[in-house]
Amino acid sequence: MAVISLYLVFFVVLPAIVLIAHWSSRCRRLRLPPGSLGLPFVGETLQLISAYKTENPEPFIDERVSRFGSLFTTHVFGEPTVFSVDPETNRFIMQNEGKLFECSYPGSISNLLGKHSLLLMKGSLHKRMHSLTMSFANSSIIRDHLLVDIDRLIRLNLDSWSDRVLLMEEAKKITFELTMKQLMSFDPCEWTESLRKEYVLVIEGFFSVPLPIFSPTYRRAIKARTKVAEALSLVVKQRRKESELGEKRKDMLAALVASDDHGSFSDEEIVDFLVALLVAGYETTSTSMTLAVKFLTETPLALAQITEEHEQIRAKKGEGEALEWSDYKSMAFTQCVVNETLRIANIIGGIFRRTMTDINVKGYTIPKGWKVFASFRGVHLDHEYFKDARTFNPWRWQNNSGAACPANVFTPFGGGQRLCPGYELARVELSVFLHHLVTRFSWTPAGEDKLVFFPTTRTQKRYPINVQRRDRVQTM
Ligand code: HEM
């Protein structure tokens, strides 16, 4: 027993004390941004979690910014972390991706996403895959190929709406179906629906305790991830066969299966890549759809103005005629609504990075290997950059209002090398969705529903609404 204790002291306790002492003296030497590391081990994680369970969007950040300024140190999710609520620093972080900062997700996330996911890739492979993704979702591809299906699938979904609808669920279904079509050319069918059910379990895993022993949700998510991967690898194999026979398609999978100057991707790489794209566009776009409707419902003047804009577009078109690119481009007020929704309640509150070296910023040093959180929402909700920042006011985005914000302050889609490749696609999907919603339905909320921000931005009851069809009946 005494020998074991001696071993423990020499090989565990003493090295730990030396490490901590070394670390603390290094931190004292390196002038860190002000802040508090909270309790040993848990840091300020519990304060963060409880803060975001309230309706206030940024209580954790607000309190610390008022005490320490827009760059502060804290300790959350097991690591010391510097939070930046400063647009200039955020831009510096995004522009130095791969040089001074790198993305960093916990292992639990990579188990669910797959190690070849774009979100986890680094270096030249990341550059190549990022530009491939950009080329599949750019404006001309949306205009020439994707828009027609976005319009058709959204209409198809809205056709089945009657009485009471759980808007968040419907928006998720729509978003999933759109992504399946864009990535692999699948129209909704029994197979896509069963894949979606597994996929929903994977997504739940992202918001659970990532310990298989303690969390049945995480266990279920890992199992569902395997099933999704199996189903998608069959699709990849089938597509390879078709491509050998000379069949050509114009979707993302076709681009992945075709080898280029850099060689070809393995089935596993393609599957991971597809899963990551399904994940990246799913919660983000569907939450924005739901919240845009919630904010419009609570702002009748804005709802009236957006309805008028879309009725004018409809009036120029035949019954059931699909939207075209020029229609999308004429939705000026809708773009204000989209911006304002993304400003006020973006599901991506900010981005985590890890420093690759000691970083000097604003007179402080952030040590190598530390986590950094560039808060977008904190900036978006700062009164310094947006007048009455916590109020939904789509008119602030109108060119002639003079209230437009300075460059680099509004970054709902990130920036730099990891700029969201789906930024235009998301805007188009949201706009087309709003078009069909306001021209075909009127609605009232079916009861109170609160906006919460943890573990993710959402309404607590998935925003139930009672819908009534408007007079004009559209056909497919
Ligand atoms: C309202 C909807 C959306 C929002 C607010 C959003 C926001 C973001 C943000 C902030 C990032 C940067 C993450 C980082 O720097 O770590 C990002 C990355 C990404 N987004 Fe989106 N996104 C949306 C929709 C979409 C859609 C529809 C797609 C589908 C193509 C998509 C695909 C991606 C991918 C693949 C990445 C990773 C890029 C990389 O790491 O290189 N997003 N998104």
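The shown structure was predicted, so the numbers you read here are calculated from the model rather than taken from an experiment.

**Student:** Mind showing me how you'd approach the overall build of the protein chain here?
**Tutor:** Counting secondary structure elements, the protein chain contains 17 helices and 12 strands. Within the protein chain, residue pairs in contact and separated by at least 24 positions form 72% of the contacts whose partners lie at least 6 positions apart.

**Student:** Sorry if this is basic, but what is going on with the site of the ligand here?
**Tutor:** Neighbouring residues of the ligand: 26 residues in total, closest Ala-280, Gly-281, Gly-414, Cys-420 and Gly-422. Looking at the shell around the ligand, the elements with two or more residues in it are helix 6 (123–136), helix 12 (267–298) and helix 17 (423–440). Ranked by residues supplied to the shell around the ligand, first place goes to helix 12 with 7 residues. Here the shell around the ligand is built from residues that sort into 16 nonpolar, 9 polar and 1 charged.

**Student:** Help me understand the nonpolar core in this model?
**Tutor:** Within soluble globular proteins, side chains that are nonpolar tend to cluster in buried spots. With 79 residues, the main nonpolar core has Ile-150, Leu-274, Val-275, Ala-292 and Phe-433 as its most contacted residues. It is helix 12 that contributes the most residues to this core, 17 residues altogether. In terms of nonpolar packing, the next biggest core, distinct from the first, is built from 20 residues, Met-94, Phe-101, Ile-366 and Val-379 among them.

**Student:** Please clarify how the UniProt feature "binding site: heme" (unreviewed entry) in the protein chain should be interpreted in this entry.
**Tutor:** UniProt records the feature "binding site: heme" (unreviewed entry) for Cys-420 in the present numbering. Note that Cys-420 resides in the loop between helix 16 (376–380) and helix 17. Not counting the four nearest positions on each side in its chain, Cys-420 is found in contact with Phe-413 and Gly-414.

**Student:** What is the right way to look at helix 3 (residues 59–68) in this model?
**Tutor:** The α-helix winds at 3.6 residues per turn, so residues separated by three or four positions along the chain end up facing the same way. Taken residue by residue, helix 3 has Phe-60, Ile-61 and Arg-64 as its buried positions. The buried residues of helix 3 occupy an angular sector of 85 degrees when projected down its axis, which confines them to one face. Buried-residue contacts for helix 3 involve helix 2 (45–51), strand 1 (71–76), strand 2 (79–84), strand 8 (371–375) and helix 16. Where helix 3 terminates, the next one or two residues include Gly-69, which has phi positive at roughly 100 degrees.

**Student:** Looking at this structure, how should I read the pairing of strand 1?
**Tutor:** Remark: a regular strand shows side chains that alternate across the two faces of the sheet. Extensive coverage of strand 1 is indicated by the burial of 6 of its 6 residues. Judged by which residues are buried, strand 1 turns out to be covered on both faces: Leu-71, Thr-73 and His-75 on one side and Phe-72, Thr-74 and Val-76 on the other are all buried. Pairing analysis gives 6 bridges linking strand 1 to strand 2, with the strands arranged antiparallel. Looking at strand 2, one finds that Phe-72 is bridged to Phe-83. Counting the residues that bridge the hairpin from strand 1 to strand 2 gives 2 residues, and of these Phe-77 lies at a positive phi of roughly 50 degrees.

**Student:** Just to check I follow, could you spell out the environment of Thr-285 for this structure?
**Tutor:** Among the structural elements, Thr-285 can be located in helix 12. Measuring from C-alpha to C-alpha, the distance between Thr-285 and Leu-342 comes to 9.9 Å, with 57 residues separating the pair along the chain.

**Student:** So what exactly am I meant to see when it comes to the packing of helix 12 against helix 15 (residues 332–345) here?
**Tutor:** Angle between the axes and distance between the axes are the two parameters that describe a pair of packed helices. Look at helix 12 against helix 15: their axes get within 9 Å of each other, and the N-to-C directions meet at 105 degrees. Our classification of the angle between helix 12 and helix 15 gives roughly perpendicular. For the pair helix 12 and helix 15, contact is made by Ser-288, Leu-291, Ala-292, Phe-295 and Leu-296 and by Val-337, Val-338, Thr-341, Leu-342 and Ala-345, respectively. Tallied by class, residues from the contact of helix 12 with helix 15 come to 8 nonpolar, 2 polar and no charged.

**Student:** Just checking my understanding: could you explain the sheet that holds strand 8 for this structure?
**Tutor:** Strands pair in a sheet through their backbones, by hydrogen bonds, and they do so in one of two ways: parallel or antiparallel. Pairing is mixed in the open sheet, where 5 strands are placed in the order 1-2-8-5-3. Looking along the sheet, the strands with just one partner apiece sit at the ends: strand 1 and strand 3 (101–103). Along the sheet, successive strands turn relative to each other by an average axial angle of 35 degrees, direction set aside. Where strand 5 (residues 350–355) and strand 8 come together, 5 bridges link them in antiparallel fashion. Note on strand 8: the bridge partner recorded for Gly-350 is Ser-375. Across the sheet, helix 3 lies against strand 1, strand 2 and strand 8, angled at about 130 degrees from strand 1, the strand it touches most. In the packing of helix 4 (residues 87–95) onto the sheet, contacts are made with strand 1, strand 2, strand 3, strand 5 and strand 8, and the angle to strand 8 comes to roughly 120 degrees.

**Student:** Help me understand the environment of Pro-106, please; the structure alone is not making it clear to me.
**Tutor:** Structurally, Pro-106 can be placed in the loop between strand 3 and helix 5 (107–113). Pro-106 gets classed as exposed once you count the C-beta atoms within 10 Å, which come to 12. With 29 residues separating them along the chain, Pro-106 and Phe-77 place their C-alpha atoms 10.0 Å apart.

**Student:** Can you walk me through the packing of helix 13 (residues 300–315) against helix 17 in this structure?
**Tutor:** Close contact between helix 13 and helix 17 brings their axes to 9 Å; oriented N to C, the two are set at 90 degrees. Judged on the interaxial angle alone, helix 17 and helix 13 are roughly perpendicular. Residues Ile-306, Thr-307, His-310, Glu-311, Ile-313 and Arg-314 of helix 13 touch helix 17, and the partners they reach there are Leu-434, His-435, Val-438 and Thr-439. Here the residues of the contact of helix 13 with helix 17 are counted per class, giving 4 nonpolar, 4 polar and 2 charged.

What counts, and at which threshold
Residues numbered from 1 in each chain as written. Predicted model: local features only at pLDDT ≥ 70, side-chain atom pairs only at ≥ 80, totals over all residues. Helix = DSSP H or I, 4+ residues; strand = E, 2+ residues; numbered from the N terminus. Contact = placed C-beta atoms within 7 Å. Near = placed C-beta within 6 Å. Nonpolar A, V, L, I, M, F, W, Y, C, P; charged D, E, K, R; others polar. Core = buried A, V, L, I, M, F, W, Y, C linked by C-beta atoms within 7 Å. Buried ≥ 20, exposed ≤ 12 C-beta atoms within 10 Å, placed from the backbone. UniProt positions renumbered as here; feature names shortened; annotations may be inferred. Arc of directions from axis to C-beta. Pairing = 2+ DSSP bridges. Axes fitted to C-alpha atoms, helices over the stretch in contact; angles between N-to-C directions. Parallel < 35°, antiparallel > 145°, perpendicular 65-115°, else oblique.

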